[in-house]
Amino acid sequence: MIRAIDRKLLRELRAMRMQALAIALVIVSGVAIFIMSLSTLDSLYETRERYYRSHHFADVFASLKRAPESLAWRIRRIPGVDKVQTRVVAYVSLDIPDFAEPVSAHLISLPEAGPSLLNRVFLTSGRMPEADRDDEVLISAELAAAHGLGLGDGLRATINGRRERLTIVGLAMSPEYIYQIAPGAMFPDYARYGVLWMGREALAVAYDMDSAFNNVTLTLAPGAGTGTGTGAENVIDRLDTLLAPYGGTGAYAREHQLSHRFLSEELKQQQTIATVFPLIFFGVAAFLLNVVASRLIGLQREQIASLKAFGYSNVDVGVHYAKLVLAIVLLGILGGIGLGVLLGHGMSGLYREFYSFPFMDYVLRPRVIAAAAAVSIAVALLGTLHAVRGAARLPPAQAMRPEPPPVYRATLVERLGLQRWLSQPTRMILRHIERRPLKSLLTTLGIAMACGIMMIGGFQRGAIDHMVGVQFGMSQRADLTATYTEPTSGRSLYSLQSLPGVTLAEGFRSVPVRLRFGHRGYRTTLEGLDPHGRLMRLLDKELAPIVLPPEGVVLSDYLAELLQVRPGDRLVIDVLEGDRRTVQVAVAAIAEQYLGVGAYMRRSALNRLLREGDAISGAHLAVDSPRRGAVYAELKEMPRIAGIIEQTSAIRAFYDTLAQSVLFFTLIATLLGATISFGVVYNSMRIALSERSRELASLRVLGFERGEIAYILLGELALLTLAAIPLGLAIGYGLCAYLAAAFESDLYRIALVLDRGVYAWAALVVILSALASGLMIWRQLGRLDMVAVLKSKE
Amino acid sequence: MEPLHSATHPTPHRPRRPDVVFHIEGVTKVYRMGEVRVHALRGVDLDLYRGELCVLLGASGSGKSTLLNILGGLDTPTAGRVLYGDQDLTAAGEGALTAYRRHHVGFVFQFYNLIPSLTARENVAVVTEIARDPMRPEDALGLVGLGERLDHFPAQLSGGEQQRVAIARAVAKQPQVLLCDEPTGALDSKTGVVVLEVLERVNRELGTTTVVITHNAGIAAMADRVVSLADGRIADVHANAERVAPRELSW
Ligand SMILES: Nc1ncnc2c1ncn2[C@@H]1O[C@H](COP(=O)(O)OP(=O)(O)OP(=O)(O)O)[C@@H](O)[C@H]1O
Ligand SMILES: [Mg+2]
């Protein structure tokens, strides 16, 4: 049996179901985002952890020129090292049937016998290649999928200058390449970059690495720690010392491993989303609940008094109204959990597509649900505490008397003497707003929040467009970038220049370095460029090209901030190649860059610094687009070219991969924004209607038309909505700035660029949802029962 | 449930009859509204006896509701004491007053104060569900002649019917005292008679001490005693030799 007092609650809930629904929807949104981001986060962490563990992902990675296998024994003896796996790794270009554009790949050796100690591959189909077969390979599943390649299919690779026919015997994934990205690229492009695995013996023969290796990975003994400042640093230092004579380019820890880092950045962003957005939604929900509960309790003063007269205690009455709030919140929580799980599944599915995971464990921890429920309940109760406590404390004898009539004053506008221009209804609007300044303010703030949230979706799209436009339209303008297998004389540029179709070729020299300033350090590549080059330019704050000075380095803005340097400071540069010298160079300028963390200087200066002649590592090329295919073909034939990056396809690939997730996010942001603005506007109007139905009905009796009384009611909301829009646009700007800062990493920065369309869209959705709720109120005004309203005792 | 406080000092200067339910002594009530102080009661002394039907008469603003609210534990006096049996209501805390209202008092309000979202039966159930030894809501409604209208909402009942639901709600818990604030104030005389008959019957059959406020002197004839208030003071206490049935009242 439901108690009569609970039945009262249920009936009242039904009577205010639209309002309850509007509030519940806001809570649904908050809970859903909370659960979506946190469960996605847990899923990614869990999946990554399980994948890393089961496939023995290494802790430290290092490349070198060539070292005898016997060195592995000495590496193993470094204190803190657990397992060591030496490998032969090569960067090769592929020739895939029916695909004209260049494709590059890392070719990685598989141990001669047994499974790899570290970075084990996950076979999605097929079998492992025979150790001595130089024509059998595994290829990464993503690359295979991009080209529709399957078991038994063939492809060609230029391996150490020789063109080889390879047969695919298996498709694989690796914990090392969850984020599969070409060196120098910023985004995965599965059609143009992949990973291949081949038997160690065969690969060693091809690269003259018999009983030798050029790549080593290792795990740390338990307790050695993987972070900086722990055992890992020690091991890396020792490893660097060991590898230096063999052309080591500097070992790095897992946290600097490209795939791992990208994933970590993504996780960080999810965390931000999981905190910021639910907070806004819960805040708005608390406000709405407060407004609704206060109004309801105000209307039920006499009922409360009679309940108390019958012997219901303060606690009983408080609990009664808290239950009403909880019922709405519970509805929101249940809906939110459902939607959150659904979105979480969708989101982790997107991640599984975007990244290369052999499996995805969807993890929904009970404590995430518990936290979502606890937070929304706590916030809702906190928001309504005042109203509910007011109801509980209401002295019964006093509540029996009707509430004193509200005190109105002449508004500011009127006191300023502007009343001549204001009609009676307009004065009513202004007085009503001024009488409840806090409520009016909060209503405005709620609508503004909705407007702000809506801007985020558009901001992402716009910021990416801007970033790509600047980075690839103004800074990196080459059509193709070719990299040599090793530094080559600058004269080789002529052979590239003379290829038919190539209109411009600019050489560059790049060298791995560690930059140091004070106690801060950062490992990156130092690139030598032509001072007046047109294909690779650096831009200053105003996006004007920087002419590279004769001496000194130019740092990207993010790197300068990381190292805390300003122009004029002297950097220490450890060169991690050749004779590994250490030099000091002044910082000449700072360049605006959205992608990567680069350091640049004039090529001639870099050549001098490295004590070498006119050497280049590769070239940026401008190519006539109709002849692009022919140029690829020519480049593929050149044995010394290790890899080719094509700009336009890189951009296209970038958009393809990002489009899905951005679209998903924009959709969510818009839906949520609309939910909030509808929730706020509808509730405010509904309450205004209930508070003023007597007044409005009296006006109707006096001969006012529906439109005229609607003006009084809707005019107020229109005024608040209009006031909310500029505020909302400012809040949106702030939110975007916050997100841009929160999402900032050394991989990329999001420029805070908001075009007019973003503002207009946000304002439009707010206005539309205000109109929608206005329409609903208009219909309710049509049903305003003059007789009933006037007859009943207020 | 908290026990009521017992009076520590029995009153010295007035002899107490054993059947006194309420002992009111020097009760004043001052409402402070900003600068203005309103003296609603200015020293009321009164005893009410078990099973009697007492009518409180007085002009508007004379303090009738204030006194009734204090008797019902809805309000506390500014000074003076109110004893309910041996228990001092003026010294009772919030919890004790709630328990007192829950188990001892039935209220009937001038404006019915039914809960609009509940049916007649449910409006009674709201009270019986928290009472110790209640009647069934159906029986209580039968008592006031509304056995056929159990599932009607207040909006579907006439004013007199609503007031009878309110009475059923007040008597359903079988209270020791029934306090009615102008139960007929909003009713025409014919409907008013029906309501008064119900009150009279409950008082007679259940022996409930009943206080009825009115500013209609015509009703006074149905009471055992008539107490007249004027300007916050008791102006007159008059015992009727004989109670007149409500049907025969004229006003
Ligand atoms: N909560 C309050 N605040 C201020 N003054 C009050 C309050 N309650 C009652 N009063 C004042 O106390 C006086 C007595 O009020 P009370 O309600 O007891 O009168 P009443 O005899 O019941 O009148 P009526 O017949 O009109 O109901 C009146 O002057 C009233 O204005
Ligand atoms: Mg009164």
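Before reading on, note that the structure itself is shown above.
What counts and how
Note that residues are indexed from 1 along each chain, following the sequence as it is written. Each chain is given a letter, starting from A, and each ligand a number, starting from 1, according to the order in which they appear as written. For a predicted model such as this one, the threshold for reporting local features is a pLDDT of at least 70, and the threshold for listing and counting side-chain atom pairs is 80 or more; totals across whole chains, interfaces and linings nevertheless cover every residue. Based on all heavy atoms of the structure, the side-chain values leave hydrogens and waters out of the count. Any residue with a non-hydrogen atom lying within 4 Å of a molecule or strand is treated as near it. Counting of polar contacts relies on pairs of N or O atoms within 3.5 Å, with two restrictions inside protein: one atom must be capable of donating a hydrogen and the other of accepting it, and residues adjacent in sequence are counted only when both atoms are side-chain atoms. Per-residue and other accessible areas were derived by the Shrake-Rupley procedure at a 1.4 Å probe size, with only the shown protein chains allowed to occlude residues. By definition, any uninterrupted DSSP run of H or I lasting at least four residues is a helix, any uninterrupted run of E lasting at least two residues is a strand, and each is numbered from the N terminus. Under the scheme applied here, ten amino acids are nonpolar (Ala, Val, Leu, Ile, Met, Phe, Trp, Tyr, Cys and Pro), four are charged (Asp, Glu, Lys and Arg), and all others, including Gly, are polar. Only protein atoms enter the 1 Å grid used here, on which a cavity is any set of points holding a 1.4 Å probe that cannot leave and a pocket is any open set flanked by protein within 12 Å on both sides along at least five of seven lines; residues with an atom within 4 Å of a point are listed as lining. Grid points are joined across faces, edges and corners, and a volume is the space filled by probe spheres set on the points. In this analysis, axes come from line fits to C-alpha atoms, helices being fitted only over the stretch in contact, and the angle between any two N-to-C directions falls in the range 0 to 180 degrees. Here a crossing is taken to be left-handed if its near helix is turned anticlockwise relative to the far helix by less than a right angle, and right-handed if that turn runs clockwise. Residue contacts follow a heavy-atom distance rule, with two residues in contact if any of their heavy atoms lie within 4.5 Å. By buried area we mean how much accessible surface two parts lose on assembly, using a 1.4 Å probe and totalling the loss over both. We define a salt bridge as a contact between a side-chain nitrogen of Lys or Arg and a carboxyl oxygen of Asp or Glu at a distance within 4 Å. Any two strands with at least two DSSP-identified bridges between them are counted as paired.

Engineer: Mind showing me how you'd approach the site of ligand 1 here?
Structural biologist: Taken together, 15 residues surround ligand 1, and among them B:Ser60, B:Gly61, B:Lys64, B:Ser65 and B:Thr66 come closest. With respect to ligand 1, its neighbouring residues span chains A and B. B:Gly63 is positioned with one of its backbone polar atoms (N or O) 3.0 Å from an oxygen atom of ligand 1. B:Glu182 is positioned such that a nitrogen or oxygen atom in its side chain is 3.4 Å from an oxygen atom of ligand 1. Notes on ligand 1: free accessible area 630 Å², of which the protein chains cover 76%. Contributions of two or more residues to the shell around ligand 1 are made by β1 (20-33), β2 (36-49) and α1 (64-71) of chain B. No other element matches α1(B), which puts 3 residues into the shell around ligand 1. Taken together, the residues of the shell around ligand 1 sort by class into 5 nonpolar, 7 polar and 3 charged.

Engineer: Explanation requested: empty space enclosed by the protein in the structure shown.
Structural biologist: Where empty space is left becomes clear once a probe the size of a water molecule has been rolled over the atoms. All names here are of chain A. What the rule picks out here adds up to 7 cavities of 30 Å³ or more. The space that makes up the largest cavity amounts to roughly 110 Å³. Lining the largest cavity are His-432, Arg-436, Lys-439, Ser-440, Thr-443, Ser-684, Ala-688, Glu-691, Glu-716, Leu-717 and Leu-720. Going through the elements one at a time, α14 (437-475), α19 (647-701) and α20 (706-742) are the ones with two or more residues in the lining of the largest cavity. Classifying every residue of the lining of the largest cavity by side-chain character gives 3 nonpolar, 4 polar and 4 charged.

Engineer: Even after reading the chapter, I still don't get the packing of helix α2 (residues 17-54) of chain A against helix α9 (residues 314-354) of chain A, so can you show me in this structure?
Structural biologist: Two quantities define a packed helix pair, namely the angle between the axes and the distance from one axis to the other. As a packed pair, α2(A) and α9(A) sit with axes 6 Å apart at the nearest point and diverge in direction by 35 degrees. In the packing of α2(A) onto α9(A), the handedness of the crossing is right-handed.

Engineer: In this structure, what is going on with the interface of chain B and chain A? I would like to understand it.
Structural biologist: By a widely used convention, the size of an interface equals the accessible area lost when the partners come together. Chain B puts 25 residues into the contact, and the matching count from chain A is 24 residues. Interface area, chain B with chain A, both sides summed: about 2,200 Å², of which 60% is carbon and sulfur. Contact with chain A buries area across many residues of chain B, yet B:Leu74, B:Asn113 and B:Glu129 alone supply 21% of it, more than any other trio. Connecting chain B to chain A are 3 salt bridges. Where A:Asp316 meets B:Arg102, a salt bridge forms, and the shortest distance between an N and an O atom there is 2.8 Å. Where chain B meets chain A, there are 10 residue pairs in polar contact (both at pLDDT 80 or more). Listed by contribution, the elements that provide at least two residues to the side of chain B that touches chain A are α2 (94-104) and α3 (120-128) of chain B.

Engineer: Hey, could you run me through the sheet that holds strand β11 (residues 252-253) of chain A in this one?
Structural biologist: Hydrogen bonding along the main chain pairs the strands of a sheet, whether they run parallel or antiparallel. Residues and elements named next belong to chain A. Judged by pairing direction, the sheet is antiparallel, and its 4 strands sit side by side in the order β2-β10-β1-β11 without closing on themselves. The sheet is open, and its two borders are formed by β2 (81-87) and β11, each paired with just one other strand. Bridge count for strand β1 (residues 60-68) against β11 is 2 bridges, and the pairing is antiparallel. Directly across from Phe-61, in β11, lies its bridge partner Tyr-252.

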